[in-house]
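For reference, the chains in residue letters:
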Amino acid sequence: MLEIRNLHAQVDGKEILKGIHLKMNAGEVHAIMGPNASGKSTLANVLAGRATYAVTQGEILFNGKNLLEMSPEQRAREGIFLAFQYPVDIPGITNSYFLKAALNAVRKYRGLEELDAIDFLSCVREKLKLLKIEESLLNRPVNVGFSGGEKKKNEIVQMAVLDPKLAVLDETDSGLDIDALKVVAEGVNSLRKKENAILLITHYQRLLNYIVPDYVHVLSDGKIVTSGGKDLATQLEEKGYTWVREWNH
Amino acid sequence: MQEEAKTLKEITEEEYQWGFVTDIEEERIPSGLDEKIIQLLSEKKGEPEWMLEWRLRAYRHWLTLKEPKWANVHYGPIDYQAITYYSAPKKRQELKSLDEVDPEIRKTFEKLGISIEEQKRFSGVAVDAVFDSVSVATTFKEKLAELGIIFCSFSEAVQKHPDLVKKYLGTVVPHNDNFFASLNSAVFSDGSFCYVPKGVRSPMELSTYFRINAANTGQFERTLIIADEGSYVSYLEGCTAPMRDENQLHAAVVELIALDNAEIKYSTIQNWYPGDKNGKGGIYNFVTKRGKCAGKNSKISWTQVETGSAITWKYPGCILAGDNSVGAFYSVALANHYQQADTGTKMIHIGKNTRSTIISKGISGGHGQNTYRGLVRILKRAAGARNYSQCDSLLLGDKCGAHTFPYVEVNNSSSQLEHEASTSKISEDQLFYCRSRGLSQEDAVNLVVNGFCKTVFKELPMEFAVEAQKLLGVSLEGAVG
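Residues numbered from 1 in each chain as written. Chains lettered and ligands numbered in written order. Predicted model: local features only at pLDDT ≥ 70, side-chain atom pairs only at ≥ 80, totals over all residues. Heavy atoms only, no water.

**Q** Please clarify how the pattern of salt bridges should be interpreted in this entry.
**A** If the charged atoms of two oppositely charged side chains come close together, the side chains can form a pair. All names here are of chain A. Under the criterion given, the structure shown has 29 salt bridges over all chains. With a closest N to O distance of 3.2 Å, Lys132 and Glu186 form a salt bridge. Of this pair, Lys132 sits in the loop between helix H4 (117–131) and strand E8 (141–142) while Glu186 sits in helix H6 (residues 178–190); the two residues are 54 residues apart in sequence, bridging distant segments of the chain. Judged by its relative accessible area of 44%, Glu186 falls in the partly exposed class. Here Arg140 ties to Glu150 by a salt bridge, and the two come within 3.1 Å at their closest N and O atoms. Placement of the pair is Arg140 in the loop between H4 and E8 and Glu150 in helix H5 (residues 148–162), with a sequence separation of ten residues. Overall, Arg140 belongs to the partly exposed group, its relative accessible area being 26%. (Salt bridge = Lys/Arg side-chain N within 4 Å of Asp/Glu carboxyl O. Helix = DSSP H or I, 4+ residues; strand = E, 2+ residues; numbered from the N terminus. Buried < 20%, exposed > 50% of the residue type's maximum accessible area, 1.4 Å probe, protein only.)

**Q** It is not clear to me how the interface of chain B and chain A should be interpreted in this structure. Could you clarify?
**A** A common way to report how large an interface is uses the accessible area buried once the components associate. Contact with chain B, which involves 21 residues of that partner, is made by 33 residues of chain A. Taken over both partners, the interface formed by chain B and chain A buries close to 2,100 Å², and the fraction arising from carbon and sulfur atoms is 63%. When the buried surface of chain B facing chain A is broken down by residue, Phe432, Tyr433 and Arg437 of chain B rank first, second and third, together holding 38% of it. Applying the counting rule to chain B against chain A returns three salt bridges. The partner of Asp429 of chain B in a salt bridge is Arg50 of chain A, and the shortest N-O contact between them spans 2.9 Å. (Contact = heavy atoms within 4.5 Å. Buried area = accessible area lost by both parts, 1.4 Å probe.)

**Q** For this particular structure, what's the right way to read the packing of aromatic side chains?
**A** Note on aromatic pairs: each is described by the distance of the centres and the angle between the planes. Residues and elements named next belong to chain B. Considering all chains together, one arrives at 22 aromatic pairs over all chains under this definition. Arranged with centres 5.9 Å apart and planes meeting at 40°, the rings of Tyr284 and Phe286 form a pair that is tilted. Note on Tyr284: relative accessible area 11%, which makes it buried. For Phe286, a relative accessible area of 1% gives the class buried. Ring centres 5.5 Å apart and planes at 80° place the aromatic pair Trp313 and Tyr315 in the edge-to-face group. Just as Trp313 is buried, Tyr315 falls in that class too. These aromatic residues form a ring-pair network of at least three members: Tyr59, Trp62, Trp70, Tyr75, Tyr80, Phe179, Phe180, Tyr284, Phe286, Trp313 and Tyr315. For Arg201, the ring lying beneath its charged end belongs to Tyr232, and the centroid distance is 4.2 Å. Lying over the aromatic face of Phe452, Lys361 brings its terminal NZ or CZ to 5.0 Å of the ring centre. (Phe/Tyr/Trp six-rings, centres within 6.5 Å; stacked < 30°, edge-to-face > 60°. Lys NZ or Arg CZ within 6 Å of the ring centre and 35° of its normal.)

Note that all results are geometric; they support no functional claim without further evidence.
What follows is the structure in structure tokens.
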């Protein structure tokens, strides 16, 4: 599904990613762990196509297509979803309006019929029920006045509604208390399917107790220094990131 | 990214959609302005002597005035002698029904999406359509007449309801109010007139559609709305013009009068031709609009969506004379390309416990310059007066500007005033967030701007709000730099 080859990227002229290789197949959940400033969020943003991150070398193939040639909206329509580390407020626009606009943009691209208000509502209600999230969320302006936990849950709602092929969760666990973490994790697990893949980006092993990954990669100083199964995360938790930093040398 | 640049370019070069010219025979008087022209104009319209006298009084005063230069707008000199002050579709006789309206004019209104007949049948909106200088058709007149509501062209009101016109004309915007109001008072050609009698709630929205068609013509319409005691009326106004390379002058006057316990809601979608993307052509929109809450507990609200015109100079205000009267001003003003907008409101608190609300949303894109200018004046006897003002500016690029000039004069210590203001640039984060959910760059800008304008749009009647949103979408294209 996703193939990243020798990816180099910079922000403000500073090289952050220094040759990433990663391959993900449909049905897999991968976790990328790493210390602060190792390039985790940069990788997430490069995948989503944020313009401030400049790719200087390498390529990314998404279902055989060259991802780097696509605009952010094209990537979303092709099935990439980024759950933001810091979701953005859009005052005056309700969640429901925003979601409907996004869903219909994606459906249109995929040659599906656009949903009217009634069909949309029944679709979104079903997802909310699955995620155990209150419907009142729909009538609130996008992320305005949301608590940290609510914002992260809202990202999961968007993900559920847009039904992406590849979901990238950028530190979705950060700042969540244990109850909110469980809600988010259950949401993600309920969306785990044979046809899609999930990339979890996290600093802590904690999330991986709830969403058990098939593969764990450790990112340090812009490179994946080691990869393994879910046990690698536990090992990492025990030994700390200093253990990893030695791998760079 | 390349694809994106291409679409933006295409869209920037998209032309004004309402810019066609209708080919009809017009009757015009010679260009230029003097007492003879005014006499001729008045004669053409078969006006009574008092109306001509009123015009001449305004004209003589106008001669003593200088064009105001205090607004934050820049334009070359206007040659008032080069303007034609009267242009009308030719061979106009008394029309018995809408079917007699010149088919070319009907086609124009259909192109504009306001087929008069369709409106008549389905929408329940009574429309008065003003084409160049003359009111072409007023729908639903009979139905309104059953309730005693008078809704007709201004010219007709002068003929058929002279007492009402004489009683109220110039009582809110006097003939000597300002340069452009005096000019309008001298040469106004037509417009709409509405009187809602005591205790009557108008069952439908009343609407006027203004269209400038002829070249080198000024449009000077005059609207007068009177809501008698305990009555209610909601009034909509829309405007478009063909694309022309030269600038055209539009100097309208609107007067609203609300008596005891009456309410007037006045909504405008102003979409005059704004000029091309290089700033060539476009309408100069110098308009004086004012409402007087003459009676106690009366209410006047102005809601405007200003997307058009090369230059907008417009301050719809409220004189809150009656005790407990309420004034409101809700505004969205967009200045894209080389448009300049200097707009805002005046709230004059005279009566006790008068309240006013001002919500202004200015959006600047391209090289556009957007200015909010507002005055809140609390007079000595206005005990307990309150005002809330909120002025927000949104910048879409780095070559545009937003300016705010709030003036406050308070002469009563028991009044309360609040003012909030903000200026922000459309955030890359918001746009990226929307795009990462599948929305195009244009849709993302639209969404963020619509959210920004939400508090104003919700004041508009339903269908008008939808039109305003669409119009804003079209006008925004290519605004993000």
